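Structure assessment
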Amino acid sequence: MSEPARPPEPDPQPPALRAAIDIGATAIRMTVAEVRGPGEVRVLEHLEHAHNLGSDVFQNGRIRQTTIEESVDILRGFSRVMGEYGVDLKTGLRAVATSSVREALNRDTFVDRVYVATGIQVDVIEEAEVSRLNYAGLRDVLRRHPYLTRQRVVAADVGGGSTEILFLDQGEVIYAETHRLGSLRMREALEAYHVPAPQVRGVLEQVVERSLAVVRQHLPFPKAGMLLALADDARLAARHLVPEADPSHAPRIPVAKFTAFAREVVDLPPDRLVRKFALTYREAENLGPALLAYEKLAALLGVKEVVAPALGLSDGLLLELAQGGEWSDEFRAQVVRSAETLGEKYDYDPRHGRYVADLAAAIFRELRAEHRLDDRHELVLTVAGLLHEIGLYVSRNSHHKHSYYLIRNSELFGLSLRQTELIALVARYHRKAHPDLHHEEYRALEREDRLTLAKLAAILRVADALDRHHAQSLRHLSFALEDGQFVIYVPKVDDLTLERRALEEKGGLFEELYGRRVVLRKGTPERPA
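Just so we're clear, the structure is a prediction, and the values are computed from it rather than from any experiment.

Here we take up the overall build of the chain. The helix and strand inventory of the chain stands at 22 helices and 14 strands. Each principal axis of the C-alpha distribution contributes one length, and for the chain these read about 85 × 80 × 45 Å. The buried share of the chain, taken over its 529 residues, is 55%. Relative to all contacts within the chain whose residues are 6 or more apart in sequence, the contacts with residues 24 or more apart total 70%. Carbon together with sulfur atoms contributes 48% to the accessible area of the chain, which is approximately 25100 Å² in total. Distance between charge centroids for the chain: 3 Å, based on 70 positive and 78 negative side chains.

Here the structure, examined in full by the defined rule, presents 36 salt bridges. With a shortest N-O distance of 3.2 Å, arginine 132 and glutamate 129 are connected by a salt bridge. In this pair, arginine 132 and glutamate 129 are both assigned in helix α5 (residues 127-144), three residues apart and thus about one turn of the helix distant. No difference in accessibility class separates arginine 132 from glutamate 129, as the two residues are buried. With a shortest N-O distance of 3.4 Å, arginine 152 and aspartate 169 are connected by a salt bridge. Separated by 17 residues along the polypeptide, arginine 152 in strand β6 (residues 152-158) and aspartate 169 in strand β7 (residues 163-169) bring together distant segments of the chain.

Bringing helix α6 (residues 183-192) into the picture now. Taken across its ten residues, α6 has seven buried, putting it largely inside the fold. Among the residues of α6, those classed as buried are Ser183, Leu184, Arg185, Met186, Arg187, Glu188 and Leu190. Of the surrounding elements, those touching the buried residues of α6 are α1 (53-60), α3 (99-103), β6, α7 (200-217) and α11 (281-301). After α6 finishes, the residue histidine 194 shows a positive phi value of roughly 50°.

Throughout the structure, instances matching the rule amount to ten aromatic pairs. Taking the centre distance of 5.8 Å and the plane angle of 65° together, the rings of phenylalanine 261 and phenylalanine 277 count as edge-to-face. Of the two residues, phenylalanine 261 sits in helix α9 (residues 255-267) while phenylalanine 277 sits in helix α10 (residues 270-277), which places them 16 residues apart along the sequence. Overall, the relative accessible area of 10% leaves phenylalanine 277 in the buried class. Ring geometry for phenylalanine 486 against phenylalanine 510: centres 5.5 Å apart, planes inclined by 35°, an arrangement best described as tilted.

Reading guide: rules and limits
Residues numbered from 1 in each chain as written. Predicted model: local features only at pLDDT ≥ 70, side-chain atom pairs only at ≥ 80, totals over all residues. Heavy atoms only, no water. Helix = DSSP H or I, 4+ residues; strand = E, 2+ residues; numbered from the N terminus. Buried < 20%, exposed > 50% of the residue type's maximum accessible area, 1.4 Å probe, protein only. Contact = heavy atoms within 4.5 Å. Areas by Shrake-Rupley, 256 points an atom, 1.4 Å probe, with all protein chains shown as cover. Lys, Arg positive; Asp, Glu negative; His and termini not counted. Charge placed at Lys NZ, Arg CZ, Asp CG, Glu CD. Salt bridge = Lys/Arg side-chain N within 4 Å of Asp/Glu carboxyl O. Phe/Tyr/Trp six-rings, centres within 6.5 Å; stacked < 30°, edge-to-face > 60°.

Put into structure tokens, the structure is as follows:
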């Protein structure tokens, strides 16, 4: 008797179609790709059109109406291409604008005009999000080239309006910063001062070195093994200096070769560069300043090689779209590492900070149904827990206020100004007064953010109270909601007098917000029969 026929295998899930648009200072770029799962992205088409947006803003502070209409025409063309591929503008597209639009006095006019004319919603992103997106794309490069994770490297993206720099140690981001050093800004400065051709390189070197003097003050390590140059300019250098290298495999350029090439390019007029490298005139104008910035940064870091991976902001955008817009575990780990580096700078107690952060996160997860906040808020709480006492570096008196100031005025990798402000305020309210409308920083928040702050600060105060003496003596805690109380069970402990007293002092905000008194009990919760 023959075996029954097997049912046919179900068809595999068709790939999702996604698109990323990057509106930069000198060009608008779009990449269309197939996405089959987290991290599985196959590029179908890449388009790029030059425009004058950065020149308008860096010269006059505003985007001219003619430039807005030129941008609209470019984006209408992109919209038609997306329609041909079947990309849904609402669910399959992420369009972002960086420094030039961010600095424009009429940025809202630009964003509104684009949306009305094309249906494309443009997000004007902060510097921190640019760093996060660069890292999202860089993760794939690190996975494919593990030698980069066995040393200290610096990744830099010299754009038209700004330069983003990531410092990585063994593949982990330990510091990130952004500088108003861009190839177009430098070119505009040359034109504004009518610099004669023989003096161009000298003036550009002064501009770059002035910016790098600030970088030098904040270097988390004195030397790096390699510089990852994340812009088209560096990839052009790679094509001419190591033509035998596969562009998709992060070509490596000896720093001496790169330096000589950068200086040669800077000394050539734009029309010669157009003919020599088949560039547009605008690309030729910006090539020398960008390469010079990379050359000087390489010299500052003492690197031996410049690596030019095929990577752009759109890669990070597409990878985040592939993950459904969620923050990856790797990104969260990098944020925490960045916070730990900041804590080390201010001589924090890492064991206390880690204990309080972990305990606060555990309470947050236990109360998810009560506070209805998401995973991003858990990360905010974790970072606030790590850093809540860094103000002790300034003074023991009012150290919670000093913690607020230090966090608020520091860069935390990948976090927006709004998120950093929230972290700073959660840390500020880990002790003493409850959040109050008489406090200027609290009053400046939107109502929703004020409520979020209070929910997180209430949890942090409880976690901090349980390690009042920085001994981390309470372990293996468990939680239960019983009879209108939030009960914390502590096994294998003899005396909880000090912790109960601390909770009496710091548990009031929790009771106000969650309607439950925090109670400490010895032992473990009884399991139902």
